[in-house]
Amino acid sequence: MSTAPGNGRELLQVQHATVRFAGDSGDGMQLVGSQFADIASLSGSAICSFPDFPSDIRAPVGTLGGVSGYQLSFGDQHVTTPGDAPFVLVAMNPAALKVCLPELQKGGIVIANEDAFTSANLQKADYGANPLEDGSLDDYRLIPVPMSRLNDEATAASSIPKSQRERCKNFFALGLTLWLYDRPLQPLLEWLMRKFQRVPEVMAANAASLRAGYNFANTTELFRVHFQVAQAKLPPGRYRRVTGNEALALGCIVGCHRAGRPLVYASYPITPASEVLHELAKHKEFGVRVMQAEDEIAACCAAIGASFAGAIGITGSSGPGMALKTEALGLAVMTELPLVVLNVQRAGPSTGMPTKTEQADLLMALHGRHGESPAVVLAAASAGDCFHMAFEAVRLATKYMTPVLLLSDSFLANSAEPFRIPDISSLPELCVPLTATPENFAPYRRDPQTLARPWVPPGTPGMEHRIGGLEKEDVTGIVSYDGGNHTRMVALRADKVARIAADIPLAELVGAERGQVLVVGWGSSYGAIAAAVDELRREDQPVAHLHLRYLNPLPRNLGELFPRFERILIVEGNRGQLKTILRDQFTASFLQLNKVDGRPFLIREVRTAIQELLSRE
Amino acid sequence: MSKTTTGGAPDTAAPASDCLRVLTRQDFQSPQTVRWCPGCGDYSILAQIQRVLPELRVPRENFVFVSGIGCSSRLPYYVNTYGFHTIHGRAPAVATGVKCANPNLSVWVVTGDGDGLSIGTNHLIHTIRRNVDLNILLFNNRIYGLTKGQYSPTSEFGKKTKSSPMGTIEQPIRPIQMALAAEGTFVARTIAADPAHLRETLERAARHRGTSFVEILQNCRVFNDGTFDDLKGRDAAEDDRILLRHGEPLRFGAGERKGITARNLTPQIVDLDSSETPAGDLLVHDERANSPALAALLAALEPPEFPVALGVFRALDRPTYDSLLSAQITGAAEQRGQGDVRQLLNAGTTWEVE
């Protein structure tokens, strides 16, 4: 940290910062959190954010169950997670303080709305005494601010009802925080102008509260220091912020557009996959046909029917919903139709913890169908990567006429990060096997290279044919119960998926080319592993990171990379599923770091595990 | 090598569709050997389908037959159009996906009492409710045939089968009432043993826009022989069935000398020769009534007290799911312009990194 003069107070330079906004679910914490993330991004920082919604639909006001939080980390390019522990906690009521305090860094800053620390609210949060007064926060820098009162004064001139004015106090808190991190107000004022164009009184009240918060921080003696956070060296280009679920939807739309086929998305509402349904339902002008099915089974079947009829059928779900789709996935394997299945994983089994994250559906994605039933399995590593992997899912499904399962999870679904907007023309052309002609047509006459069968949708003259779930004779597609033919078809279906290994990128090492420890991950453990390995590399430790985005088939160079390391640490949010897969195929010293507490990995958890391995003889 | 000869590759000898050429029954016969039991009612249904299809003046490549699992669901293999033999009970869902992708296709769903009313009831109800433009043919033989003789959801109470040796203890589901409860826009019942009625009903179903639900009463020679014998022959059946004709009084029996009236919504049979009820008091069939009450009353008529009603219970014009879906898509494009993926990706707050 270095200091610089600013407004007569200390301005400290830091590489990155972690902030959490927390309040009641009606306090607008998600809104101010995401606005802060945008301001941080616009100022050139890398960001990664993660909301923490209450699991109850509407818990009573002021209770512990009703706390809604939004955490974000921002700073230089090494920011890849929402941060292990916040340095600043903005607590709008006692319940928010109680829920979030255990994670705050010792010595961190608590900005509390002291007006909300009434005896009734303290009681709801199970506080015997007021923590702002009883010395229990002595390990932190406590900054009590009468936000409700100051907000009331700042918006007194407004004509909007008092209850509506009270709701502006989240912008007061945001103003305080923007000053604390030396960020400009202007972009936010412009955003308010756009957002509340039709209701100028609401715009004015929010803007007044925002300015009041900023000015209060600037003029009072409460804040002795503020911070300037480093900018990130990100690859050049135009950026926006996306959540994983938004990116999945965008990737599907762009993929289908590139393939020149209509997108049919059939889905049943389920947490945490529903936002994909909502996002796609918004974009009908792209010809996106969204069907909210009566159940998960119908959703998968409708997507398969759509693919049969020449669209790209996509379905999405989570946990128990995926279990219900299993039978239909077998049909997609048998009929060799292009199908994309998005699985936004959540903690299971059964209803499990619907709002909590987990990576425990890998084995289900790979093997969870009856019979020999190979399918392509991909996993997105970050929110932005959800776009690229969704596009990739469409590419592989259509080129190879196969179902593709794409794994995301609750953490990726809701976390947000800067996303470099791709140049459409730079995305790969998709080759769709819609080229059959009636001469010599047979429904299972495969492309010798890809082994894809031809895609001939109804409406195509001269090639009327029947497909179905019964085993088919090689080439002709006639129903066949012949044992030899079945053996051949089982092998062909497996070979088709295995051959895709030649059409996907090689796995890349980040860090040491060889050495003591290779950390292998897949899916959302990416951010924590990347940050932990990055920290250790800057300390010259012999570690590397390899992240798998293709789980079936696996990249073809793993057998060459694994022997270069003494130990391989597999980090995943389950009890060792990837380890099972890798141990089956490769001989190496595989060790594991697992976690199933419903939360994403922390950087320090990964770092500690690596250090422990490095210290072993 | 044991191989069945159903399914698969097209009859490549058949000419590509030519709108100017009138299609015939032969155009819809696939080269596959039909493999139902001798005497099965399905043969009759297949034959009538193949007769009706050419009448519809739809290019052959635009027909799609989608089925689930069961004896009936083998039918797509025998019709030389596009076909999809899917999984148990799910044909309505697959067919809905087909219509979402391409609303111009003429899509037929073939299902049975087990497939459509047991494992797939949910899909059937919701498809009818949505009014997807499909023709759903439910072959009802009141038994599981493919799995060799267990009772089905339409089996009569007390029926003895392999899985109910002491008789079933379940009340049967009534397919027509279920379709009416789902606000079906075309609901009909016919019988495989009466080819003329079957053909006429299929043709009307095909011409209806929206979900056409047709229950086809059908004999299973092996596992439930004679289940609808009462209704089979025209002579023997006069007292046991009543033909629904829109706008006409409900009369049946020899010389149509019996009729149906209702008192307090309870149906009653009247003998027009002996009773004092004038013919003008008979119920008059109205398939276009907005209320499904009369149709439901007629659907519930059952032997031995009453004749079975055959024909169209309900036929209403209502917007179809697929046309509404297409209208929203064109509407969105008119309102917001054809989607531009560059704009889509650049929406919201964006910033440049140099």
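Residues numbered from 1 in each chain as written. Chains lettered and ligands numbered in written order. Predicted model: local features only at pLDDT ≥ 70, side-chain atom pairs only at ≥ 80, totals over all residues.

**Brief notes about the overall build of chain B**
Assigned secondary structure in chain B consists of 10 helices and 14 strands. By principal-axis analysis of the C-alpha atoms, chain B measures approximately 95 × 55 × 50 Å. Expressed as a percentage of its 354 residues, the buried residues of chain B come to 46%. For chain B, the proportion of contacts with a sequence separation of at least 24, taken over those separated by at least 6, is 66%. (Helix = DSSP H or I, 4+ residues; strand = E, 2+ residues; numbered from the N terminus. Buried ≥ 20, exposed ≤ 12 C-beta atoms within 10 Å, placed from the backbone. Contact = placed C-beta atoms within 7 Å.)

**Notes on the overall build of chain A**
Along its length, chain A carries 20 helices and 24 strands. On C-alpha atoms alone, chain A measures out to a radius of gyration of 27 Å, which is about the 25 Å that the 2.2 N^0.38 rule sets for 617 residues. Taking the principal axes of the C-alpha coordinates as reference, chain A spans close to 85 × 65 × 45 Å. With 617 residues in all, chain A has 56% of them scored as buried. Taking contacts inside chain A between residues at least 6 apart in sequence as the whole, the part at least 24 apart equals 75%. (Rg over C-alpha atoms; globule rule 2.2 N^0.38 Å.)

**Considering helix 19 (residues 577-585) of chain A**
Residues of helix 19 of chain A that are buried: Gln577, Leu578, Lys579, Ile581 and Leu582 of chain A. Where helix 19 of chain A is buried, its residues contact helix 13 (362-367), strand 20 (515-522), strand 23 (565-572) and strand 24 (590-594) of chain A.

**Considerations on the sheet that holds strand 3 (residues 106-112) of chain B**
Think of a sheet as strands paired side by side through backbone hydrogen bonds, with each pair either parallel or antiparallel. Spatially, the nine strands line up as an open sheet ordered 18(A)-2(B)-1(B)-3(B)-4(B)-8(B)-7(B)-13(B)-9(B), and their pairing is mixed. Unpaired on one side and paired on the other, strand 18 (466-468) of chain A together with strand 9 (241-243) of chain B mark the two borders of the sheet. Direction aside, neighbouring strands of the sheet carry axes that sit 20° apart on average. The sheet contact formed by strand 18 of chain A and strand 2 (residues 82-85) of chain B spans three bridges and is parallel. Among the inter-strand pairings, Arg466 of chain A is bridged to a residue of strand 2 of chain B, identified as Gly83 of chain B. Along the sheet, helix 2 (residues 91-101) of chain B makes contact with strand 1 (63-67), strand 2, strand 3 and strand 4 (134-140) of chain B, crossing strand 3 of chain B at roughly 175°. Against the sheet, helix 6 (residues 195-207) of chain B contacts strand 4, strand 7 (186-191), strand 8 (212-217) and strand 13 (308-315) of chain B, and its axis sits at roughly 160° relative to strand 7 of chain B. (Pairing = 2+ DSSP bridges. Axes fitted to C-alpha atoms, helices over the stretch in contact; angles between N-to-C directions.)

**Description of the environment of Leu46 of chain B**
All names here are of chain B. Take Leu46: it is sitting in helix 1 (residues 42-55). Assessed through the 22 C-beta atoms surrounding it within 10 Å, Leu46 is described here as buried. Along the primary structure Leu46 and Ile169 are separated by 123 residues, whereas in three dimensions their C-alpha atoms are 33 Å apart. When near neighbours in sequence (up to four residues on either side) are disregarded, Leu46 contacts Val34, Leu75 and Tyr78.

**Considering the domain arrangement of chain A**
Residue and element names in this part refer to chain A. In terms of domains, chain A is made up of domain 1 (2-229), domain 2 (240-426) and domain 3 (509-615). Placing a centre on the C-alpha atoms of domain 1 and another on those of domain 3 gives a separation of 36 Å. In this complex, domain 1 contributes five residues to the contact, which on the side of domain 3 involves eight residues. For the side of domain 1 that touches domain 3, the per-class residue count stands at one nonpolar, three polar and one charged. (Domains from an automatic or database assignment. Nonpolar A, V, L, I, M, F, W, Y, C, P; charged D, E, K, R; others polar.)

**Re the nonpolar core**
Within the largest apolar cluster, 268 residues are counted, with the highest numbers of intra-cluster contacts made by Ala302, Val340 and Leu406 of chain A. When residues of this core are assigned to their parent elements, the largest contribution, 11 residues, is made by helix 14 (residues 383-400) of chain A. Those residues within four positions of Ala302 of chain A in sequence are excluded, and the remaining contacts are Ala266, Met291 and Ala293 of chain A together with Ala93, Val94, Thr96, Gly97 and Cys100 of chain B. Judged by nonpolar contacts, the second largest core, of five residues, contains Ile143, Tyr144, Cys220 and Phe223 of chain B. (Core = buried A, V, L, I, M, F, W, Y, C linked by C-beta atoms within 7 Å.)

**Some points on the interface of chain A and chain B**
Counting from both sides, the interface comprises 71 residues of chain A and, opposite them, 64 residues of chain B. Top element by residues in the side of chain A that touches chain B is helix 11 (residues 296-308) of chain A. It accounts for nine residues.

**Quick word on the sheet that holds strand 10 (residues 251-252) of chain B**
Strand order in the open sheet formed by three strands is 10-11-12 (chain B), and the pairing between neighbours is antiparallel. The open sheet has two free edges, formed respectively by strand 10 and strand 12 (266-271) of chain B, since each of these has just one partner strand.

**Focus on helix 1 of chain B**
The α-helix winds at 3.6 residues per turn, so residues separated by three or four positions along the chain end up facing the same way. Residue and element names in this part refer to chain B. The end-to-end C-alpha separation of helix 1 is 21 Å, in line with the 20 Å expected for 14 residues at 1.5 Å each. Those residues of helix 1 not exposed but buried are Asp42, Ile45, Leu46, Gln48, Ile49, Val52 and Leu53. Down the axis of helix 1, the smallest arc covering the buried residues is 170°, so these residues share one side. Buried residues along helix 1 sit against strand 1, strand 4, helix 6 and strand 8. Where helix 1 terminates, the next one or two residues include Arg57, which has phi positive at roughly 55°. (Expected span 1.5 Å × (residues − 1). Arc of directions from axis to C-beta.)

**Focus: unusual backbone geometry**
For the bond running from Gly348 of chain A to Pro349 of chain A, omega is 5°, close enough to zero to count as cis. With respect to the helices and strands, the residue Pro349 of chain A is situated in the loop between strand 14 (339-345) and helix 13. That bond from Pro303 of chain B to Pro304 of chain B is cis: its omega, 5°, falls within 30 degrees of zero. Structurally, the position occupied by Pro304 of chain B is in the loop between helix 8 (293-299) and strand 13. A positive phi is found at Met401 of chain A, a non-glycine position, where the angle reads about 50°. Within the fold, Met401 of chain A resides in the loop between helix 14 and strand 16 (403-409).

**Details of the packing of helix 1 (residues 29-42) of chain A against helix 6 (residues 169-180) of chain A**
Relative placement of two packed helices is described by the angle separating their axes and the distance separating the axes. All names here are of chain A. Look at helix 1 against helix 6: their axes get within 10 Å of each other, and the N-to-C directions meet at 30°. Here helix 1 lies roughly parallel to helix 6, going by the angle between them. Handedness of the helix 1/helix 6 crossing: right-handed. Residue-level inspection shows Met29, Leu31, Val32, Gln35, Phe36 and Ile39 of helix 1 in contact with helix 6, the latter providing Asn170, Phe171, Ala173, Leu174, Thr177 and Leu178. Of the residues belonging to the contact of helix 1 with helix 6, the class tally is nine nonpolar, three polar and no charged. (Parallel < 35°, antiparallel > 145°, perpendicular 65-115°, else oblique. Left-handed = near helix turned anticlockwise from the far one by under 90°.)

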